[in-house]
Amino acid sequence: MSDVVFITGATSGFGRAAAHRFAGAGWSLVLSGRRDERLEALKAELADKVAVHTIVLDVRDDEAVQRAVDSLPEDFKRVRTLVNNAGLALAPQPAQKVALKDWHTMIDTNVTGLVNVTHALLPTLIGVGEGATIVNVGSIAGQWPYPGSHVYGASKAFVQQFSYNLRCDLQGTGVRVTDLAPGMAETEFTLVRTGGDQTASDNLYRGTTALTAEDIAEQMFYIATLPAHINFNRVEVMPTRQAWSAFAIDRD
Ligand code: NDP
Ligand code: 8X3
């Protein structure tokens, strides 16, 4: 029987590319996201190669997440890899100008949503044991501060620490946990972050070489298929053309 990967946020960007990458290696796919038409389109692209099960799922809804996991069809039940990818940034303005609801949405999705899916799948992953893998998608924003990152970066710092802490408790089960922390990658991420501003998104990626969704999907697949005795705790990956900048100094 094929290995099964459960991908959240498979309707776009990293998640969609991951679906293609794992499908290319013959894995069975559980693909979830909120946009049904995109899930169906992806299924149509991949279903002649591999088994695909789609779930319209908002990761913020813990009961729906549990129901989705409990009702996986028999051939998809034995999830070997969880790619906890669903997430978003909102409101790149300074913290003091951001609506509280945008902060809540980021926390509900990037923190609570990721926790919901992890909690629902942990018994399955522990049942699989050796070689089972959780790839939590963090961000460079979880490690390095920058203006306008406020709750987004903080939510990704949670992802890092949660990943490390999970590793402690999963010691002896064979289940691996990785915080995969990408830098700038061209997906729909900036479109979402700017509330649909295509020009702002195009401007961010113009004249440089961002990571691609496929670059990150390759990392996800690599992490999930490492020999079972190897756990990458954290993988931070930036485009070569992205680096840190100087400290900001407030002057008179
Ligand atoms: P995209 O906007 O292209 O994809 C985000 C995905 O998350 C979509 O499939 C979306 O699906 C899903 N999603 C958002 N909210 C929810 C929700 N409540 N429930 C279920 N699914 C949801 O962005 P990326 O592919 O770039 O982002 C993927 C992950 O990578 C995110 O966690 C992001 O924070 C992280 N990241 C991105 C970087 C970048 O520069 N692009 C760099 C570092 C990390 P739908 O709307 O259909 O629900
Ligand atoms: C998103 C990557 O560079 O915008 O997590 O912080 S970056």
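Residues numbered from 1 in each chain as written. Chains lettered and ligands numbered in written order. Predicted model: local features only at pLDDT ≥ 70, side-chain atom pairs only at ≥ 80, totals over all residues. Heavy atoms only, no water.

Chemist: Tell me about helix α7 (residues 198-205), residues and numbers included.
Modeler: Of the residues flanking the start of α7, the one acting as N-cap is D197, its side-chain oxygen 3.1 Å from the backbone nitrogen of T199. Directly after α7, the chain includes G207, whose backbone phi takes a positive value near 75°. (Polar contact = N/O pair within 3.5 Å; in protein donor to acceptor, adjacent residues only side chain to side chain. Helix = DSSP H or I, 4+ residues; strand = E, 2+ residues; numbered from the N terminus.)

Chemist: Just give me the short version of the sheet that holds strand β6 (residues 176-182), but keep the residues and values in it.
Modeler: Sheet architecture is open: seven strands sit in the order β3-β2-β1-β4-β5-β6-β9, paired in parallel fashion. Sheet topology places β3 (52-56) and β9 (234-237) at the edges, where each strand pairs with a single neighbour. Between one strand axis and the next, the sheet turns by 15° as a mean value, whatever way the strands run. Pairing of strand β2 (residues 28-33) with β3 involves five bridges; the strand directions are parallel. When the bridges of β3 are listed, S32 appears paired with I55. Contacting β4 (79-84), β5 (133-137), β6 and β9, helix α8 (residues 213-224) crosses the sheet at an angle of about 165° to β6. (Pairing = 2+ DSSP bridges. Axes fitted to C-alpha atoms, helices over the stretch in contact; angles between N-to-C directions. Contact = heavy atoms within 4.5 Å.)

Chemist: Describe the site of ligand 2, listing the residues and the values that go with them.
Modeler: The local shell around ligand 2 consists of S139, I140, A141, Y146, Y152, M184, F189, R193 and Q242. Between ligand 2 and the protein, one listed contact pairs an oxygen atom with a side-chain N or O atom of Y146 at 2.6 Å. In this structure, R193 approaches ligand 2 through a side-chain N or O atom, which is 3.3 Å from an oxygen atom. In isolation ligand 2 exposes 240 Å². Once the protein is present, 85% of that is buried. Class assignment for the residues of the shell around ligand 2 results in six nonpolar, two polar and one charged. (Near = heavy atom within 4 Å. Areas by Shrake-Rupley, 256 points an atom, 1.4 Å probe, with all protein chains shown as cover. Nonpolar A, V, L, I, M, F, W, Y, C, P; charged D, E, K, R; others polar.)

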